[in-house]
Amino acid sequence: MAAKHKVIHTFALFGSFSTLLCCALPALFVSLGAGAVVIGLVSAVPQLIWLSEHKTGLFIFAGVMLTISGVSRYLTRNAPCPIVAKEARACKRLRRIGLGVFCFSLAMYTVGFYFAFVASHLMK
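Residues numbered from 1 in each chain as written. Predicted model: local features only at pLDDT ≥ 70, side-chain atom pairs only at ≥ 80, totals over all residues. Heavy atoms only, no water.

Q: Any chance you could explain the environment of Cys 103 here in plain terms?
A: Tracing the chain through its elements places Cys 103 in helix H5 (residues 85-122). The class of Cys 103 is partly exposed, set by a relative accessible area of 42%. Sequence spacing of Cys 103 and Gly 70 is 33 residues, and the spatial spacing of their C-alpha atoms is 9.5 Å. (Helix = DSSP H or I, 4+ residues; strand = E, 2+ residues; numbered from the N terminus. Buried < 20%, exposed > 50% of the residue type's maximum accessible area, 1.4 Å probe, protein only.)

Below you can see the structure in the form of structure tokens.
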């Protein structure tokens with residue numbers, strides 16, 4: 001895998017993780033009645049306030065990174081693995097792991113998006 005693909009996938013993972021931290025987890029804790037956990041989390045990591053204040057830009061960035069990552073995965077889905085049996089198994093294994101990480105990132109992004117933008121409008 002080219003170095004640029006690794007960077008794109010890494011940015012996609014961290015972008016979706018940050019959307020989970022800024023929006024989904026605090027909303028989940030509050031909805032479960034664990035508001036004190038959110039207060040403690042914000043006290044320990046005050047940067048979460050900045051992420052929450054800039055959630056629109058954060059979600060746009062994470063969405064773009066996930067889209068680029070998904071397109072990159074799709075375009076390289078039939079790329080050949082090495083001929084050597086041990087390396088071929090490792091290649092196939094890493095592709096499965098990469099797909100799992102991508103799907104996990106997409107799920108985190110979706111949950112974060114729901115809590116940040118959809119759930120707040122449903123409560124009105």
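Q: Honestly, the side chain of Ser 105 in this entry has me stumped. Any pointers?
A: Secondary-structure assignment places Ser 105 in helix H5. Those residues within four positions of Ser 105 in sequence are excluded, and the remaining contacts are Ala 12, Leu 13, Ser 16 and Leu 66. (Contact = heavy atoms within 4.5 Å.)

Q: Looking at this structure, I do not really get the state of the cysteines. What am I missing?
A: Among covalent bonds in proteins, the disulfide is the one between the sulfur atoms of two cysteines. A complete count under the given rule lists 1 disulfide for this structure. One disulfide in the model links Cys 81 with Cys 91; its S-S distance is 2.0 Å. An S-S torsion of about -65 degrees defines the bridge between Cys 81 and Cys 91 as left-handed. One end of the pair, Cys 81, is in the loop between helix H4 (55-75) and H5; the other, Cys 91, is in helix H5, and 10 residues separate them in sequence. Given the relative accessible area of 21%, Cys 81 is considered partly exposed. A relative accessible area of 17% places Cys 91 in the buried class. Of the cysteine sulfurs around Cys 103, a residue in no disulfide, the closest is that of Cys 91, at 17 Å. (Disulfide = S-S within 2.5 Å.)

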